[in-house]
Structures are given as C-alpha cells and as structure tokens.
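# Geometric and topological summary
Single-letter residue listing:
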Amino acid sequence: GTIDTTPVYIGAGQFAAWKHTQLILDVVEGRGGMFSLDNGTGRRFLVRSRAYDEGEIAMLHRADRLRAMQAAHDRDADGFWLAEARRLDWSVFPTRADESSFDKRDFGIRWFADGELNVSVNCLDRHLEARGDQPAIVFEGDEPGEGRSLTYRALHREVCRFANVLKANGIAKGDRVALYMPMVPEAAIAMLACARIGAVHSVVFGGFSPESLADRIIDCGATFVVTADEGTRGGKRIPLKANVDCALERASGVRSVIVMRRTGGPVSMREGRDIWWEEACAAAPDDCAPEAMHAEDPLFILYTSGSTGKPKGVLHTTGGYLLWSTLTYDLLFGPEHGRDVSDDLFWCTADIGWITGHSYVVYGPLSNGARTVMFDGVPNYPDPGRLWETSARLGVTIFYTAPTAIRALMREGDRWVTPHDLSSIRLLGTVGEPINPEAWDWYHERIGRGECPIVDTWWQTETGGALIAPVPGATATKPGSATFPLPGVSPELVDGEGQALAGAAEGNLVLTRSWPGQMRTVFGDHERFFQTYFSTFPGTYFTGDGARRDADGYFWITGRVDDVINVSGHRMGTAEVESALDMHKLVSEAAVVGMPHDVKGQGIYAFVMLNAGEEGSEALRKELRSLVRKEIGPIATPDVIQFVPGLPKTRSGKIMRRILRKLAEGQADQIGDISTLADPMVVQQLREGMSEPS
Ligand code: ATP
Ligand code: MG
C-alpha cells in the first residue's frame, strides 16, 4: 500500500495495539530504529522509535502473546484449547476440547470430556519440587498483623490430612460438603481437600444467617459441614457454630460437623455429630492419594449473590473451570515478562463465599504457583486505612477489589491513604459492578500513584472467571470500560429480538460460544439452567447484563437488563446515570431505578447517599439534576431524588435495585426475597424516608 513518509514517533503502548508486534520487537528491542508498518487499517506508516526500556518491551511481548492467542483460536479453536490445556497436569490428557451446544435439541456444556486430572494436584503437588518452601497462602487476620503464612509444602500436608479426615467420616467422591467458614487458611484447605477426594464443596458466606445456610445445605444435599467456633469481623464475633446448630434443625440430612477453633469462644458440641478439626487432623496421616477425576466431574456448587432474585446453585466442573481460572489469572495478574509469579504478592479481597474468592483467592493463584493473601477482616477496621496499611506492610504488588469497597473508602477521604507507602503495588483490579469513572480515577491516582494499570474484569458466578477485561500492558484502558473479550471469548450485542448489532451499539450482552469456565447446570434443575440462560435469545448464552460497544470496540457494561429504564422510549442503563450522580463531590454513591410516570412511561428515581457528615438539601437536588443534564442530557434528569443513609446491598456489596424499584413503584409490601441482603434495616429506613423527597 501507500506509505506515509512523515516519520511518527510512537510509544510502546500504541505499538501494542497494532498488528505486527513481533516485527516491532525484532526491530526495536534494545536499539530503536526506523521502519514501516501498518496499523491494522491497511495504511502504512514510517515509524521511528527510540530504544525501548524494559517495561515497554515487556508490554510488547504481552500484546504479541495476546494477539497470537486470538489468532490461534480463530484458526483452530479446538487445537487452541487443547494447547492451552497443557497449562494443567492431567493424568489422562484430553483428546477433545469443546463439545458444547447452546441448542435446545442437543443442549449441554462439555469440555475436555475424555481427560482426567485432580485439582488439588494442580494447585499443590506439581509445585512441591520447585516451590515447596515458597509461601502459598499469606494469611492476615481481623486484627492488623495477626497472621501467618503457609508454604506449598505445608498446605499440601494439611490438605492431605483433612482429605483423610473427610474420608474417615465417610465422605466419598460426589458427596456434597458445605463450608461455612471465616477467611482463614483452613477454608482453602477444606476446599482443596474436597477436590482431592472428589467431594463437591459448596461454600456459604460466613455472614449469612442460619436460614440462608439451611436453604443452601438443603438445596445441594450436603451431608457434611465444615465450620469454626466463631468468626471475627471488624472486632465483632460471629457465632458460626451456633448458626450451624440452628440451621441443622431444619437441614436434617447433615451427619457430621467439623469445627475448627478460631477464637476459642464457647460452643456446644453434639456427641456423635460434631468433631474438632484439630483433633481429627492430628490423628490423620499426611499423605492422601488424589482421586483421578474426569474433566466433567463436579468440583463445586456455589450460589449466586441474589441481586436479581432467588440465588441459583451454580455447578462448575473440574477440567474446564480449573483451566479457566488458571489461564485468566495468568493473563490478568501473571508475572511481567522475565519475572516469576512468586515475585508478586497477590491480594484479592473477595470472600471465598463468592466466586471471586474461589477463582482468584484459591484456585487461579494456587494453580499458577502464586502467593495469595487471605484476609479475614473488613476494609474499615480498625479504621478506613486498613487495606492500605496492610498492603504496605505485606508488600502487596497486585490488589483486586470491588467498586463498592473503592467508593466506600473514597468517601472517607484521602487522609486514610496518604500515610501508607503503596509503592509495592504495580497492578490494580476491580470486579462485581461497573466502576464509575470518578472511583476509577481515585483508585488510579490515590492507590495506583497514577501509574498502575486498572484491570476491570467483567464476569459472573456462571462464567467461572473473567471474560471481558484488559490484559495489563497489552490493552489500553478507558475508565469504566472492561475493554475487550479475552482470547477465545465471543461476546455479542443483540437487540430485543435477538438480532446481532454491529459496530458501535447498545444491547443485550450474550456469548455466542462456550468457553471452558462456563457453568454446567443449576444444581438439581437442568431445565432452569436452560430456561434462565439459553431460552431468551436462542442459540446464545444470555448474561442478563446490558452493554454498549463504542466506536473503538470497547465494551461498557451498562447494568442488568432488568434494571434498564425506558424514558419516553429512550432506553437507559443504570450505570451511566449513577456515574453522573457519583461525580458530584458530596455524593458517595447513587442508585437509580425506573418509576411509573404518566407522560414518559417511566421516570427516573434516584436514591443518593452523601459523604459522611453531609446533609441533603433542595439546592443540592437542583445541582444534581443539572449535573445529570449536563453529563448525559435532559432525558436522564432524575424525577425524584431521595437522600438516603444507606443503600440495600447484597452481602457481596452489590446494589439490589429490584428492592429500590419496588419502593419507587410504591409497592413496598412486595419486596420479595431479601435473605441475601447485607442489612435488612436499610429497607425500613428507606421506606420511612420516602414521604419527604421531591
Ligand atoms: P444473581 O445472579 O443471583 O442476581 P449476581 O448477578 O449479583 O446475583 P454474581 O454472579 O456475583 O451474582 O455477579 C455477576 C454480575 O455482576 C454480572 O452479571 C454483572 O451484572 C456484575 N458485574 C461483575 N463484574 C462487573 C464489571 N467489571 N463491570 C460491570 N458489571 C459487573
Ligand atoms: Mg447474576
């Protein structure tokens, strides 16, 4: 083609987005030079570069690898996945990759079906030779500095012991084991011990009530419960064992309960049913042959957060899930070029009661041989500087948390951040909700010194691991966008009729083909699995989320489709309106929902929480309205703004807009299941505040 002969200087970040990275690497590594290349549009440029530094070269290597992966997938998808499967140790290597179908006739999700492997072997045994004495889990308790670390060798030994305890109590392959635990290494030990013998774990968040615990135990048919005497959170004690006792009055299928001593607090032990962890393990041998599992044998059941309704028992299997958590951990959080995974200390703040805790506290990091932090505390104890104090003290290099935590800490002000030296952090991540640009900027500037890339990972309990996310260094980010799909992931936007939308567009986010980490069923209800995810837009997996793709191909999650507001025929995602409100310096967090409106069909009802110590006023309402008008347009102007002391959130920190919608619609009596709500009192406060707003 034609060559543009004016030489342009170009940075590595821009190169990384172009096609011929390998060529560029050959030319510029260490030296710099002048050469011509095209930028993917067919137009050729004459480019001059200076010598690149190490970081820039690392970035080019990553970009190149990422592009090579996508190209390999496009050439031969099964060949690509089988090559990726080499990341794991298999006792029988699979010969087949994807045998999934989203079609009603031959519906099913299956990956690597003739392969055999064991998850605990992949997370432990295979690291013993090279990393036996390296820390695997770095534990940080509720009190700052209360901690210890476990090497891979120690973790392996404890897992084998506990696996033997499970076996001695009659637990066998396929049996369900419920975990109701604090965020202590024993929780990971119990998960891995289940995996070692082929038992199926179901972790229930330790903050759930006895009723919620009982529901989950009954739904998954667990016969064994692992718990602790008490948990500690923010200096308070949580009576885990007493809650289990209460749950088991209803969940009568449970034969044994094993109790670890966390606080030494008082518990009652039932003769013949309850066993102390320490005593049982002390008597157990510390070797345990791993069970050879088929790739499609279940690994765990985990209930979704319940933002939209009754939680679903999401079932993940062995081979595909492990490959997905392993691969995505490496792509998103893996070592920089030429470094080892153990050079990093990775801290994902999620509780193991959520999928993020499964994939990025336990399975992904351990399978990669990383050092992973387990934190048993809360972000605001003993003060709102806790996460930063702990990061600095432990020397955390990668920090991964949820927007809700970022917004909450931002609200407390910078004075909690500045005293701490966060220079060890090189990479930041977020997950769970769209991150509003204001929070993104704060995270980037205050925590990331304006230097660390932010990996905004979009995914779901159902997807097993991240699907849309930037690969640090290789993908240029835009605040608030999860950017592009990872290699082999095929998102599409469809309209209400299921027609694919091309180019820049907004619509329903679906996936047109399976990926290894996809859930296999809703436990005990395969029909519900099909109906929930595959019947809305036949032939695709429907995520339930809406998204926008901009002119550069970036994906922006706009919120749950159920939450979309339709004002005078204009469809609006909640995320954009909320982000606009969040920009006001007095606003801590906002949630918007639709409300019935005579003229417009739907109007916008905004629940706004202000920064600590601030009070709402009529003047502020006016300011907020004009802010939204300026940021998005008059169509998005809230009809009602209610200042609230708190927002209803799930235990995993997500806003439950369906509750707010009922309130805004004046149907406070039809709120439905609120068992996954973090603080049911909030609903009462909102109801009481409803008469005042204008
Ligand atoms: P339920 O399915 O029971 O209603 P839930 O959807 O909240 O609960 P999760 O699987 O924990 O349960 O959450 C997945 C959802 O979280 C996604 O569907 C999406 O709405 C939201 N989400 C996760 N990560 C992101 C992100 N990076 N950006 C925007 N939204 C995100
Ligand atoms: Mg969901």
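Nothing here was measured: the structure is a model prediction, and the numbers come from that model. (Residues numbered from 1 in each chain as written. Chains lettered and ligands numbered in written order. Predicted model: local features only at pLDDT ≥ 70, side-chain atom pairs only at ≥ 80, totals over all residues. Heavy atoms only, no water.)

Attention now moves to the UniProt feature "domain: AMP-dependent synthetase/ligase" (unreviewed entry) in the chain. When the UniProt feature table is mapped to this numbering, "domain: AMP-dependent synthetase/ligase" (unreviewed entry) covers residues 125-512. Annotated as 30% helix and 21% strand, the span residues 125-512 places its first and last C-alpha atoms 36 Å apart. (UniProt positions renumbered as here; feature names shortened; annotations may be inferred. Helix = DSSP H or I, 4+ residues; strand = E, 2+ residues; numbered from the N terminus.)

Glancing now at the pairing of strand β7 (residues 176-180). Looking along a regular strand, one sees side chains alternate from face to face of the sheet. Within β7, four of the five residues are buried, which leaves the element mostly enclosed by the surrounding structure. Where β7 lies against strand β8 (residues 200-203), four bridges are found, and the strand directions are parallel. Bridge assignment links Arg-176 to a residue of β8, and that residue is Val-200. Chirality of the crossover, the property in question, places the unit of β7, helix α8 (residues 185-197) and β8 among those that are right-handed. Here β7 pairs with strand β9 (residues 224-228) via four bridges, running parallel. The residue of β9 that forms the bridge with Ala-178 is Val-225. (Buried < 20%, exposed > 50% of the residue type's maximum accessible area, 1.4 Å probe, protein only. Pairing = 2+ DSSP bridges. Right-handed = clockwise from strand over helix to strand, strands pointing away.)

Structurally, Arg-87 can be placed in the loop between α4 (77-84) and β4 (116-117). Once the C-alpha coordinates of Arg-87 and Ser-367 are considered, the two residues, 280 residues apart in sequence, prove to be 9.2 Å apart. With sequence-adjacent residues up to four places away left out, Arg-87 is seen in contact with Arg-65, Met-69, Arg-126, Leu-323, Leu-327 and Asp-330. (Contact = heavy atoms within 4.5 Å.)

Moving on: the nonpolar core. Residues Phe-112, Leu-155, Phe-162, Val-226 and Tyr-363 are the most contacted members of the largest nonpolar core, which totals 145 residues. Residues contacting Phe-162, with those up to four places away along its chain left out, are Ile-189, Ala-190, Ala-193, Val-226, Ile-258, Trp-277 and Cys-281. Within the second largest apolar cluster, 24 residues are counted, among which are Trp-347, Leu-409, Ile-425 and Cys-452. (Core = buried A, V, L, I, M, F, W, Y, C linked by side-chain atoms within 4.5 Å.)

The next subject is the UniProt feature "binding site: CoA" (unreviewed entry) in the chain. This chain's UniProt record puts "binding site: CoA" (unreviewed entry) on Arg-233, Gly-234, Gly-235, Lys-236, Thr-356, Asn-380, Ser-568 and Arg-629. Spanning 397 residues, the named residues do not form one spatial group; their C-alpha atoms are separated by as much as 49.8 Å. For Arg-629, the position within the fold is in helix α19 (residues 618-631). For Arg-629, a relative accessible area of 39% corresponds to the partly exposed category. Apart from residues no more than four positions distant in its own chain, Arg-629 is found in contact with Pro-634 and Thr-637.

Interhelical geometry of helix α9 (residues 210-220) versus helix α10 (residues 240-248) gives an angle of 55° and a closest axis separation of 8 Å. By the angle between their directions, the pair α9 and α10 is classed as oblique. As α9 runs across α10, the sense of the crossing is right-handed. Here Pro-210, Leu-213, Ala-214 and Ile-217 of α9 lie close against α10, whose contacting residues are Asn-243, Val-244, Cys-246, Ala-247 and Leu-248. (Axes fitted to C-alpha atoms, helices over the stretch in contact; angles between N-to-C directions. Parallel < 35°, antiparallel > 145°, perpendicular 65-115°, else oblique. Left-handed = near helix turned anticlockwise from the far one by under 90°.)

Taken together, 20 residues are adjacent to ligand 1, and Thr-304, Ser-307, Thr-308, Thr-461 and Lys-654 come closest. For ligand 1, a nitrogen atom lies 2.7 Å from a polar atom in the side chain of Asp-456. Between ligand 1 and Gln-460, the relevant distance is 2.8 Å, taken from an oxygen atom to a side-chain nitrogen or oxygen of the residue. Compared with its free state, where it exposes 640 Å², ligand 1 has 94% of that area covered by protein. When residues of the shell around ligand 1 are traced back to their parent elements, those giving at least two are β21 (454-457) and β26 (555-560). Grouping the constituent residues of the shell around ligand 1 by class yields four nonpolar, nine polar and seven charged. (Near = heavy atom within 4 Å. Polar contact = N/O pair within 3.5 Å; in protein donor to acceptor, adjacent residues only side chain to side chain. Areas by Shrake-Rupley, 256 points an atom, 1.4 Å probe, with all protein chains shown as cover. Nonpolar A, V, L, I, M, F, W, Y, C, P; charged D, E, K, R; others polar.)

It is worth spelling out the sheet that holds strand β20 (residues 427-431) at this point. Two strands in a sheet stick together by hydrogen bonds in their backbones, pointing the same way (parallel) or opposite ways (antiparallel). Read across the sheet, seven strands follow the order β6-β5-β18-β17-β19-β20-β21 without closing on themselves; strand pairing throughout is mixed. The sheet terminates laterally at β6 (147-151) and β21, the two strands that pair on one side only. Adjacent strand axes in the sheet meet at a mean angle of 20° when their direction is disregarded. When strand β5 (residues 135-140) meets strand β18 (residues 372-375), the two strands line up parallel, connected through four bridges. Bridge pairing in β18 places Ile-137 opposite Thr-372. Packing against the sheet, helix α7 (residues 152-168) makes contact with β5 and β6, and its axis sits at approximately 85° to β6.

This next bit is on helix α21 (residues 681-689). For α21, the full list of buried residues reads Val-682, Val-683, Leu-686 and Gly-689. Buried residues along α21 cover an arc of 130° about the axis, so they all sit on one side. For α21, the exposed residues set more than 90 degrees away from the buried face come down to Met-681 and Glu-688. Residues of α21 that are buried sit in contact with β30 (601-610), β31 (640-643) and α20 (657-664). (Arc of directions from axis to C-beta.)

Once that is clear, we can look at the side chain of Arg-520. Checked against the element boundaries, Arg-520 lands in the loop between β23 (505-511) and β24 (521-522). Judged by relative accessible area, Arg-520 falls into the buried class, the value being 7%. Side chain to side chain, Arg-520 and Thr-317 meet in a polar contact 3.3 Å long. Setting aside residues up to four positions removed in sequence, Arg-520 forms contacts with Ile-109, Trp-111, Glu-296, Leu-315, Thr-317, Gly-320, His-526 and Phe-529.

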